[in-house]
Structures are given as C-alpha cells and as structure tokens.
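The lines below spell out each chain.
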Amino acid sequence: MALSVSSLAAALSHLSFPSTSTSKPQQATPFLRLHPIATSHRSVSLALRASASETAEADLPAEEVLAVEEEAVEDALSGVALRKYVKQRLPGGFAAQRITATGRRKTAIARVVLQEGTGKVFINFRDAKEYLQGNPMWMEYCKVPLATLGFENNYDVFVKVHGGGLSGQAQAICLGVARALVKISTANKVPLRSEGLLTRDTRIVERKKAGLKKARKRPQFSKR
C-alpha cells in the first residue's frame, strides 16, 4: 500500500489543473477600471474648459461681454425662432410700425422699419448676411445711410422685400433706410441728400423689341 500511495502522489504532483476562477477576473478587471477613469478625465477636461471660459469672460470688459452674448443669441436664433423674434419686435406687422419707408430699385420693392437697437438687419424674417449670401457689397448697401449719420449701432433694420434680384433689392433697402431716417429727423435730410442716398434710381432694363435679338441688337443684314 505504501508503494501505491507514493506512486500516486508522484503522479499527481506532475499534473497541473487550470484554475478558471483566477482567469476570469484578470480579464474582466481591466475593462471595469477603464470606464470610470475615462469618464473622470472627460469631466476634468470639461471642468477645465468651463473654468477657462469663465475666466476669459471675467477678464473682458462689459461691452465685449455683451457683444459675445449678442452673438450667441444670434447664433441661437435661426429659422422658426428667428421668425418669432422678428414678429415679437414688430407687433401688428410692418404697417403698424411708427418709422416705416419704402424703397424701390429696378423691379424690387422694399418696405423698411427702423427700431432702436444695436445695428442688426433682418430681411424677410432672415438674417441679412444669410439672405444676401454674404456679399459684402450688398451688405454695405443696407448700412450706408446709417453709417453716413453715425447710427450704424443705434438702430435695428427690419425689411420685407420682393421682386428683382438681390442686387436690386439691396439698393432698394438702401433707399428705404435713408427715407426712414428722414422721418426720424428732418435734419438728416441734408447729409443724406449730399451723398445721393435719397435719389431714386429709375434706370431699368429696356424691353425687347419684336424682330430684334435684344432691346436694340439687330440680326445681321444680308443684301442677297
């Protein structure tokens, strides 16, 4: 019996049994530890960004902070929200406002309303930069009368325009804004008149004639 027991012990000593209980937690523990670490890093980075933005705004003067807030409001206003904002600023519609004027150019007709504000321009319930496709010349047409009098940051411009193209509409808005400024004060008429901003440009495209290619261009003459 002693020999058999010793031989069994020697045989069992050479055998190795894999332990499944220790392998599972070793594979699972790294994945369990990664999630809280990643979220903590994200929260720390977000907190750092928030604190940095707060300190940056604290260092800015009050006027620049207001400008940043207004830009944020403009970015938030788009589509339906912008339309609601314009309707709130114009109770009763365009016709019920106090300072209104009409400008025309080519076949474009623009109804303009001026209100005290910070120099924003809204055209057909949209931002002017978006409506005019970011064209700097057309944007300048809308603010030339205000800049001539130094009021570019004193009034908000609300426009309802139709007909023609964007170039003609921008020039019609320019005339409408100039006429509205004259309604605010007759003293504004002299500087606006000297700059030619109150003159209606009556030039339009000449109509095509029958038998011609365009308004005056004729087909080539052939004698035979």
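What you are looking at is a predicted structure, and each value in this text was computed from that prediction instead of being measured.

So, how was this worked out
- Residues numbered from 1 in each chain as written.
- Predicted model: local features only at pLDDT ≥ 70, side-chain atom pairs only at ≥ 80, totals over all residues.
- Heavy atoms only, no water.
- Patch = residues over 30% accessible without salt bridge, like charges linked within 9 Å, V, L, I, M, F, W, Y side chains within 5 Å.
- Areas by Shrake-Rupley, 256 points an atom, 1.4 Å probe, with all protein chains shown as cover.
- Salt bridge = Lys/Arg side-chain N within 4 Å of Asp/Glu carboxyl O.
- Lys, Arg positive; Asp, Glu negative; His and termini not counted.
- Charge placed at Lys NZ, Arg CZ, Asp CG, Glu CD.
- Helix = DSSP H or I, 4+ residues; strand = E, 2+ residues; numbered from the N terminus.
- pLDDT = per-residue confidence, 0-100.
- Contact = heavy atoms within 4.5 Å.
- Core = buried A, V, L, I, M, F, W, Y, C linked by side-chain atoms within 4.5 Å.
- Buried < 20%, exposed > 50% of the residue type's maximum accessible area, 1.4 Å probe, protein only.

Peer 1: Can you break down a positive patch on the surface residue by residue, with the values?
Peer 2: On the surface, Arg83, Lys87, Arg111 and Lys160 cluster together to form a positively charged patch. Among the structural elements, Lys160 can be located in strand β5 (residues 155–162).

Peer 1: Can you explain the confidence of the model for the protein? Please cite residues and give values.
Peer 2: When pLDDT is averaged along the protein, the result is 80; 65% of the residues meet or exceed 70. Here helix α2 (residues 20–59) stands out as the least confident element of the protein, with mean pLDDT 47; helix α7 (residues 166–184) is the most confident, with 97. Segment residues 20–25 is flagged for pLDDT under 50; beyond a separation of four residues in sequence, or across chains, it makes 1 contact in the model. The low-confidence segment residues 27–48, where pLDDT is below 50, has 1 contact with residues more than four positions distant or belonging to other chains.

Peer 1: I'd like a description of unusual backbone geometry, backed by residues and values.
Peer 2: Among all residues save glycine, negative phi is the norm, and among peptide bonds the norm is trans. One non-glycine residue, Asn124, adopts positive backbone phi at about 50 degrees. Of note, Asn124 is situated in the loop between β3 (121–123) and β4 (126–127). The residue Gln133 is not glycine, and still its phi comes out positive at about 60 degrees. You can see Gln133 is positioned in the loop between α5 (128–131) and α6 (136–149).

Peer 1: So what's going on with the nonpolar core? Residues and values would help.
Peer 2: If you look at the biggest cluster of nonpolar residues, it comprises 32 residues, and the most contacted ones within it are Leu114, Ile123, Val157, Val159 and Leu192. At the level of secondary structure, the elements contributing two or more residues to this core comprise β2 (108–116), β3, α5, α6, β5 and α7. Discounting residues that sit within four places of it in the chain, Leu114 has contacts with Ile99, Tyr155, Asp156, Val157, Val177, Ala180, Leu181 and Ile184. In terms of nonpolar packing, the next biggest core, distinct from the first, is built from 9 residues, Leu82, Val86, Val113 and Phe122 among them.

Peer 1: Report on the environment of Val182, specifying residues and quantitative values.
Peer 2: Locating Val182 in the fold gives a position in helix α7. Taking the C-alpha atoms as reference points, Val182 and Leu198, separated by 16 residues in sequence, lie 9.3 Å from one another. What Val182 contacts, discounting residues up to four positions off in sequence, is Lys189, Leu192 and Leu198.

Peer 1: I'd like to hear about the environment of Gly119, residue by residue, with values.
Peer 2: Locating Gly119 in the fold gives a position in the loop between β2 and β3. Residue Gly119 is classed as buried on the basis of its relative accessible area of 12%. Distance in space between the C-alpha atoms of Gly119 and Asn154 is 5.9 Å, their sequence separation being 35 residues. Excluding its chain neighbours within four sequence positions, the residues that come into contact with Gly119 are Lys143, Glu152, Asn153, Tyr155 and Asp156.

Peer 1: How would you sum up the pattern of salt bridges? Please name residues and give values.
Peer 2: Counting across every chain of the model gives 6 salt bridges. Linking Asp201 and Arg105 is a salt bridge whose minimum nitrogen-to-oxygen distance equals 3.3 Å. Of this pair, Asp201 sits in the segment after α8 (189–194) while Arg105 sits in strand β1 (residues 100–105); the two residues are 96 residues apart in sequence, bridging distant segments of the chain. The partly exposed category is assigned to Asp201, whose relative accessible area is 22%. With a shortest N-O distance of 3.8 Å, Arg126 and Glu130 are connected by a salt bridge. Through salt bridges with shared partners, a single network forms among Arg105, Asp201 and Arg203.

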